[in-house]
Amino acid sequence: MSIIVKNISKSYGQVKALDDISLEVRPGELFGLIGPDGAGKTTLFRILTTLLLPNEGTASVNGFDIVKDYKSIRNNVGYMPGRFSLYQDLTVEENLRFFATIFGTTIKENYDLIRDIYVQIEPFKNRRAGRLSGGMKQKLALSCALIHKPKVLFLDEPTTGVDPVSRKEFWEMLKRLQKQNITIFVSTPYMDEAELCDKIALITDGKILQINTPEAIKASFPKKIYKVRSSETFKLIQDLGTYNKTHSAYPFGEYIHFTSTQSDFQPSELIDYLKANKHNQIEVLETNATIEDTFMELSK
Ligand SMILES: Nc1ncnc2c1ncn2[C@@H]1O[C@H](COP(=O)(O)OP(=O)(O)OP(=O)(O)O)[C@@H](O)[C@H]1O
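Residues numbered from 1 in each chain as written. Predicted model: local features only at pLDDT ≥ 70, side-chain atom pairs only at ≥ 80, totals over all residues.

Draft legend 1. Broad picture of the nonpolar core. Among the nonpolar cores identified, the biggest contains 66 residues, and Leu-48, Leu-153, Phe-154, Ile-184 and Phe-185 are the most heavily contacted of them. Residue contributions to this core peak at 6 residues, all from helix α5 (residues 134-146). Apart from the residues lying within four places of it in its own chain, the contact partners of Leu-153 are Gly-78, Ala-145, Leu-146, Leu-177, Ile-182 and Ile-184. Of all hydrophobic cores here, the second largest spans 9 residues; its members include Leu-236, Ala-249, Phe-258 and Ala-289. (Core = buried A, V, L, I, M, F, W, Y, C linked by C-beta atoms within 7 Å. Buried ≥ 20, exposed ≤ 12 C-beta atoms within 10 Å, placed from the backbone. Helix = DSSP H or I, 4+ residues; strand = E, 2+ residues; numbered from the N terminus. Contact = placed C-beta atoms within 7 Å.)

Shown next, in the form of structure tokens:
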């Protein structure tokens, strides 16, 4: 295993940021830690990159213990923290050279690994990092995290605040890196990105809700889901909230996702109820569960 986490807990005073977390990541896997703000993602990343000690539990990265072998871990991993890690007053090239130097290597020596990513920002190599766009900063930060050829790459919310096109490009880059046998542990609050991982752990309030492939997680959804809409969305949410057969109802794009408490539920019952409540243009269609639906169900 590339990463083994066993019963890790971490508190900050009264706040239990991580509560008995266990997971395993295989070599070469693209593993996603999926959860909202404050779920504990950054805390786990900081523990695995040896910047923070857990209160309880053990963990290893690439066979090295996070406490005993912290120096080896630092040499073997790349870490792209969520909050910005670059030196804003240094240029693009100076930042990259700085990270290469502290790991005792050169840009030239490992250029192959970052070529794909770096060529996109090379035209701006004399620009200060502070003056780059979000997408360019992200590419530079990834280049810096890779310059010493790490075996395991930790990316904490790498696409937060990045535009949709750059987000898509970023995930394509991760897939290419994975082919070079780098294990990638990535966190994100975006449920659509979860689909792009080999395996995911859903985390909230410091607890893991489920670990599996995205497909298996979606398939495990226990109920039929209906996407519902009518001409009055706000009233629809209220009326679904007070309907006596509602198990869950929450906004999902332009629809409300609805599940019933009853296993023999018929959509016509809901249509009748909504008609009785003076809704127009009613649509009730069965739909497939997404990762977000599973997350909502598990964290209920
Ligand atoms: N240094 C700290 N002191 C006190 N509480 C902290 C500290 N760092 C994090 N926390 C709290 O621990 C919990 C988990 O935070 P963490 O940053 O690990 O979550 P996260 O999933 O990375 O979310 P975010 O994206 O908001 O950083 C939160 O309730 C947070 O407020």
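We are not done yet, so read on.
Draft legend 2. Representation of the packing of helix α4 (residues 111-118) against α5. Orientation of α4 relative to α5, taken along the N-to-C sense of each, is 175 degrees, at an axis distance of 10 Å. As judged from the angle between their axes, α4 and α5 are roughly antiparallel. On α5, the residues that touch Leu-113, Ile-114, Ile-117 and Tyr-118 of α4 are Lys-139, Leu-142, Ser-143 and Leu-146. (Axes fitted to C-alpha atoms, helices over the stretch in contact; angles between N-to-C directions. Parallel < 35°, antiparallel > 145°, perpendicular 65-115°, else oblique.)

Draft legend 3. Examining helix α6 (residues 164-178) more closely. With 15 residues, α6 should reach 21 Å at 1.5 Å per residue; the first-to-last C-alpha distance of 21 Å fits that figure. Turning to α6, its buried residues are Arg-167, Phe-170, Leu-174 and Leu-177. Around the axis of α6, the buried residues are gathered within 80 degrees of arc, so they sit on the same side. Structural note: α6 exposes Pro-164, Val-165, Glu-172, Lys-175 and Arg-176 on the side pointing more than 90 degrees away from its buried face. (Expected span 1.5 Å × (residues − 1). Arc of directions from axis to C-beta.)

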